[in-house]
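Next come the chains, spelled out residue by residue.
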Amino acid sequence: MSSSRILSLLPLEQLSTASLAALFLVALPVLLVVGNVVRQKLLPKDPSLPPVVFHLIPWFGSAATYGMDPYKFLFDCREKYGDLFTFVLLGRKMTVALGPKGNNLILGGRLNQVSAEEAYTHLTTPVFGEGVVYDCPNDMLMQQKRMVKFGLSTENLRAYVGMITDETLGFMSKELKVNNQWQGFDALDAMSELTILTASRTLQGKEVRAGLDKTFAQRYEHLDGGFTPINFMFPKLPLPSYRRRDKAQKAMSEFYQGIIRKRREGTHDHEYDMISALQSSSYKDGTPLSDRDIAHMMIALLMAGQHTSSATSSWTLLHLAERPDVWNELYQEQKEKFGNPDGTFRDLTYEDLKELKVLDYVIRETLRLHAPIHSIMRKVISDIPVPNSLSSPKQSENSSYVIPKGHFVLASPGVAQMDPLIWQNAEEWNPHRWNDESGVAAMAAEQYTEGDKVDYGYGSVSKGTESPYQPFGAGRHRCIGESFAYVQLQTILATLCRNVELKLQGPFPSPNYQTMIVLPLKGQTKIMYKLRA
Ligand code: HEM
């Protein structure tokens, strides 16, 4: 071989030793992407499986598009694939079933087919603590829900209205310092604070209200920091936030157990709160709840109610600040019903809240457009045959779909709630659609509140799994906090409305989908207020 030939080979030989590994590392992802595309586009598909959303990167799948704006992603996919499709989310296969029929398939799913525990426990158990909610068999959760429902009796809710009014008035004078001048507040910060103040004064109990100090706030923050989409996707990362969460859970559990012990040992008045209700409850076989279980249920209720309610009151206030005409309507409604001749109002009662129809429409409409939970998930534990009514344009005529064991299923009631095929001007916030003549909204609400009654073990509820309006979910995992949330929201809003005028500063905020609960985007939530003239 000539010397020039040898020289020309030299770099290649060097490449083979030093750079081949790097070349391989560069080529591997390309090969994986190409392989993934070929598999999706060219290889034959199993006709019994729902269509898969096209994605370039294997394992990562549609994580970016779903994560950035889940509703846009779901509506776009519905356009392409119909009401039933599967997408890949960081290695998980998520099968989405949309619309009322899809909601029915998932939220009304049978116990031997879908499991909420298997979908959520890795996220919730480190935060709530062991032994409750998704860290116990479903039958036990149903009994725990029955006990909580017992604690949310009309007698208790009736007692809460005055307490929530007091807290709201106190917040207005001490924190907002309401006067005749226009000032600004951050709707999300203010509503988060007011939500915890009112929930602790009522449902959580007076010891929790008295203990709302910096330590409590920090523990809450650390628990909350462990309740994010990252924790959902990656249950065990060696990160400081995971360690802070675990420490805070222990401390919070001890805090509640201390309250329970003291109550049992001492004499105290009858309390209208949940600790008291849970202390006098027991499972079907007569076993009472342990102190630990009560403590963990209280943490679960704290977490379940805080962001859902504060998101809803923030969105509602933001809409009302943008629409002074509706804020004024709410004021006139109260004046008409509860106004005194001297221009003051009589104190609100639980019964009064039911008379505030426009306020009811306002909250319903806000929950239609801003359902706090955009995706409800279950793990599939045995194959689910899909009824043909839930078809896809891609489906061949003779085949029926099956959602296989191992997939997750995802329902998004928000998609039906914003579906232009169901609601007129679906994107518009229009509280009066709830009493207009077309009756679509009324029908949706009726389907949601009436219809077949079922008892999953926590008392009779309307089935409602096929309704196009389900901000509180449906089926066995339906929310039990709705009555409390409504009393809290109605009382806060009615009290604010009696006292202040509002206007929105800046454009209406966009939703933030990076959190577990859909909140208005931080920094866009400023509202101006002043004392009513
Ligand atoms: C379940 C929404 C307030 C306690 C649910 C579900 C939804 C929901 C959609 C169903 C989740 C699923 O199927 O996986 C809301 C909204 C609220 C609210 C929109 C306020 C506006 C509350 C409050 C509490 C609470 C204040 C506690 C006092 C619960 C509980 C469950 C639940 C215990 C049952 C979970 C299960 O059975 O798996 N909520 N919620 N919620 N919620 Fe709420």
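Conventions and cut-offs
- Residues numbered from 1 in each chain as written.
- Predicted model: local features only at pLDDT ≥ 70, side-chain atom pairs only at ≥ 80, totals over all residues.
- Heavy atoms only, no water.
- Pairing = 2+ DSSP bridges.
- Helix = DSSP H or I, 4+ residues; strand = E, 2+ residues; numbered from the N terminus.
- Axes fitted to C-alpha atoms, helices over the stretch in contact; angles between N-to-C directions.
- Left-handed = near helix turned anticlockwise from the far one by under 90°.
- Contact = heavy atoms within 4.5 Å.
- 1 Å grid on protein atoms, 1.4 Å probe; cavity = no way out; pocket = protein on both sides within 12 Å on 5 of 7 lines; lining within 4 Å.
- Points joined across faces, edges and corners; volume = space filled by probe spheres on them.
- Nonpolar A, V, L, I, M, F, W, Y, C, P; charged D, E, K, R; others polar.
- Donors = N, O, S within 2.8 Å, 3.2 Å for Na, K, Ca; no water.
- Patch = residues over 30% accessible without salt bridge, like charges linked within 9 Å, V, L, I, M, F, W, Y side chains within 5 Å.
- Areas by Shrake-Rupley, 256 points an atom, 1.4 Å probe, with all protein chains shown as cover.
- Salt bridge = Lys/Arg side-chain N within 4 Å of Asp/Glu carboxyl O.
- Buried < 20%, exposed > 50% of the residue type's maximum accessible area, 1.4 Å probe, protein only.
- Near = heavy atom within 4 Å.
- Polar contact = N/O pair within 3.5 Å; in protein donor to acceptor, adjacent residues only side chain to side chain.
- Core = buried A, V, L, I, M, F, W, Y, C linked by side-chain atoms within 4.5 Å.

## Notes on the sheet that holds strand β8 (residues 408-411)
Taken together, five strands build an open sheet; the order of strands is β1-β2-β8-β5-β3 and the sheet is mixed. The open sheet has two edge strands with one neighbour each: β1 (84-89) and β3 (114-115). Summarising the sheet, β3 and strand β5 (residues 376-380) pair through two bridges and their orientation is antiparallel. Counterpart to Val114 in the pairing with β5 is Val380.

## Here we look at the packing of helix α14 (residues 291-322) against helix α20 (residues 482-499)
For the pair α14 and α20, the least separation of the axes is 10 Å and the interaxial angle reads 35°. For the pair α14 and α20, the crossing hand works out as right-handed. For the pair α14 and α20, contact is made by Ser309, Thr312, Ser313, Thr316, Leu317 and Leu320 and by Ala485, Gln488, Leu489, Leu493 and Leu496, respectively.

## Some thoughts on empty space enclosed by the protein
Applying the stated criterion across every chain yields a total of one cavity of 30 Å³ or more. The calculated volume of the largest cavity comes to roughly 60 Å³. Lining the largest cavity, in full, are Ile106, Leu107, Gly109, Arg110, Leu111, Val114, Arg378, Arg476 and His477. Here the lining of the largest cavity is composed, by residue class, of four nonpolar, two polar and three charged.

## Brief notes about the coordination of the iron atom of the ligand
In this structure, the iron atom of the ligand receives exactly one donor atom from the protein: Cys479 (SG), at 2.3 Å. Tracing the chain through its elements places Cys479 in the loop between β10 (460-462) and α20.

## Some remarks on a nonpolar patch on the surface
On the surface, Phe54, Leu56, Ile57, Trp59, Phe60, Ile230, Phe234, Leu237 and Leu239 cluster together into a nonpolar patch covering about 790 Å² of accessible area. Along the chain, Phe234 falls in the loop between α11 (229-233) and α12 (240-265). Its relative accessible area of 30% is what places Phe234 among the partly exposed residues.

## Observations regarding the site of the ligand
Near the ligand you find 24 residues, and of these Tyr134, Lys145, Arg378, His477 and Cys479 are the closest. Within the side chain of Lys145, one N or O atom sits 2.7 Å away from an oxygen atom of the ligand. At 2.8 Å, a side-chain N or O of Arg378 approaches an oxygen atom of the ligand. Contributions of two or more residues to the shell around the ligand are made by α6 (138-151), α14, β5 and α20. If one sorts the elements of the shell around the ligand by residue count, α14 sits on top with six residues. Considered class by class, the residues forming the shell around the ligand number 14 nonpolar, seven polar and three charged.

## Considering the nonpolar core
With 151 residues, the main nonpolar core has Phe87, Tyr256, Leu278, Leu317, Trp327 and Ile527 as its most contacted residues. Considering each element in turn, this core owes the most residues, 14 residues, to α14. The contact partners of Phe87, leaving out residues within four places of it in the chain, are Val53, Ser62, Tyr66, Phe73, Arg92, Lys93, Met94, Val96 and Leu410.

## As for the sheet that holds strand β4 (residues 183-186)
Working definition: the strands of a sheet are paired by backbone hydrogen bonds and lie parallel or antiparallel to each other. Overall, antiparallel pairing links the three strands, which are arranged β4-β14-β11 in an open sheet. What marks the edges here is a single partner per strand, and that holds for β4 and β11 (500-504). Going across the sheet, the axis of each strand differs from the next one's by a mean of 35°, ignoring polarity. Judged from the five bridges that link them, β11 and strand β14 (residues 526-531) form a sheet pairing that is antiparallel. When the bridges of β14 are listed, Lys503 appears paired with Met528. Against the sheet, α14 touches β4, β11 and β14, its axis set at about 85° to β11.

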